Amino acid sequence: AQEGLPVELPQEAKIAIAKQAISLIKDGMVVLTGGGTTIIELAKLLPTQLEATFFTISPFVAIELAKYEKIEVILIGGLFSKNSQVTYGGAVINQLSEISADLCLLGTSALDPESGLTDTDWEINQLKKTMLSSCRNSAVLCISEKLNTTQRLKVAPLENINYLITELNASDKELDEYRVNTLKIL
């Protein structure tokens, strides 16, 4: 951080990202979410009167979403990853492939201008690919410390993602390399 500027804590950054992502969610939508702390923050901050259907692979996200009277919550079940804390496996991928969602909200392990969205775990990688193909629009929620990093398994190129949401200002120079035709930065 530059001298004199406040350093944003990871929790504050995740809340800022969640607030930006909420702007994409409208009444009547079908939304598919991954797991992770930023998605959980988003679930805590949704408008109380939102009417939508949420499919999720995260029991923790489902618990937060269940607190809303007008949100239908569908938890997709399967094997449970103790590390990622989401469901995965063939049964989950089969269920995901039958969904046609308006919006997919994904957290990430790594995002890079050239490598795109990458991950380390083969099963989670397959899961994220299926989630992206089950949605009309997709948003990657990425804390800036994970930008310009790569993992060994490719999930998707930047061109396959519609929105990138970080805690940075959308015009921040650090995001310049992510400005591809199809990707909107919030």
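See the structure shown above.
The structure displayed is predicted, hence computed values, not measured ones. Position numbers for residues start from 1 in each chain and track the written sequence from start to end. Local features in a predicted model are, by the rule used here, given only for residues with pLDDT of at least 70; side-chain atom pairs are given and counted only at 80 or more, and totals for whole chains, interfaces and linings are based on all residues. Neither water nor hydrogens contribute to the side-chain values; these are computed over all heavy atoms in the structure.

1. Details of the pattern of salt bridges
Salt bridges are identified by distance alone: a Lys or Arg side-chain nitrogen within 4 Å of an Asp or Glu carboxyl oxygen. Going through the model one piece at a time under the given rule, you end up with six salt bridges. Across the pair Lys70 and Glu51 runs a salt bridge, and its minimum N-O distance is 4.0 Å. A residue pair is termed long-range when its members are at least 10 positions apart, and Lys70 in the loop between α3 (59-65) and β3 (71-75) and Glu51 in the loop between α2 (37-45) and β2 (52-56) qualify at 19 residues. Since its relative accessible area comes to 35%, Lys70 is described here as partly exposed. Between buried and exposed lies partly exposed: a residue is buried under 20% and exposed over 50% of the maximum accessible area for its type, with that area taken using a 1.4 Å probe on protein chains only. When its relative accessible area of 42% is taken as the criterion, Glu51 is described as partly exposed. Secondary structure is summarised from DSSP: a helix means a run of H or I of at least four residues, a strand means a run of E of at least two, and numbering begins at the N terminus for each.

2. A look at the packing of helix α4 (residues 90-97) against helix α5 (residues 122-133)
Each packed pair of helices is defined by two parameters, the angle between the axes and the distance between the axes. Every axis in this analysis is a line fitted to C-alpha atoms, fitted for helices over the stretch in contact. Angles between the N-to-C directions lie between 0 and 180 degrees. Packing of α4 against α5 brings their axes to within 9 Å, and their N-to-C directions diverge by 10 degrees. On the basis of the axis angle, α4 is roughly parallel to α5. Two secondary-structure elements touch here, α4 through Val92, Ile93, Leu96 and Ser97 and α5 through Gln126, Leu127, Thr130 and Met131. Residues are grouped as follows: nonpolar covers Ala, Val, Leu, Ile, Met, Phe, Trp, Tyr, Cys and Pro; charged covers Asp, Glu, Lys and Arg; every other residue, Gly included, is treated as polar. A breakdown of the residues in the contact of α4 with α5 according to their chemical character gives five nonpolar, three polar and no charged. Should an angle lie under 35 degrees it is considered roughly parallel, over 145 roughly antiparallel, and from 65 to 115 roughly perpendicular; all remaining angles are considered oblique. It only takes one pair of heavy atoms within 4.5 Å for two residues to be counted as in contact.

3. Digging into the sheet that holds strand β8 (residues 116-119)
At least two DSSP bridges between two strands are required for those strands to pair. The sheet built from three strands is open, its strands ordered β7-β8-β10 with antiparallel pairing. Two strands lie at the open edges of the sheet, namely β7 (110-112) and β10 (153-156), each paired on one side alone. Mean inter-strand twist for the sheet, computed between neighbouring axes without regard to direction, equals 40 degrees. Across three bridges, β7 lies against β8 in antiparallel orientation. Of the residues in β8, the one forming a bridge with Ala110 is Thr118. Across the sheet, α5 lies against β8 and β10, angled at about 15 degrees from β10, the strand it touches most.

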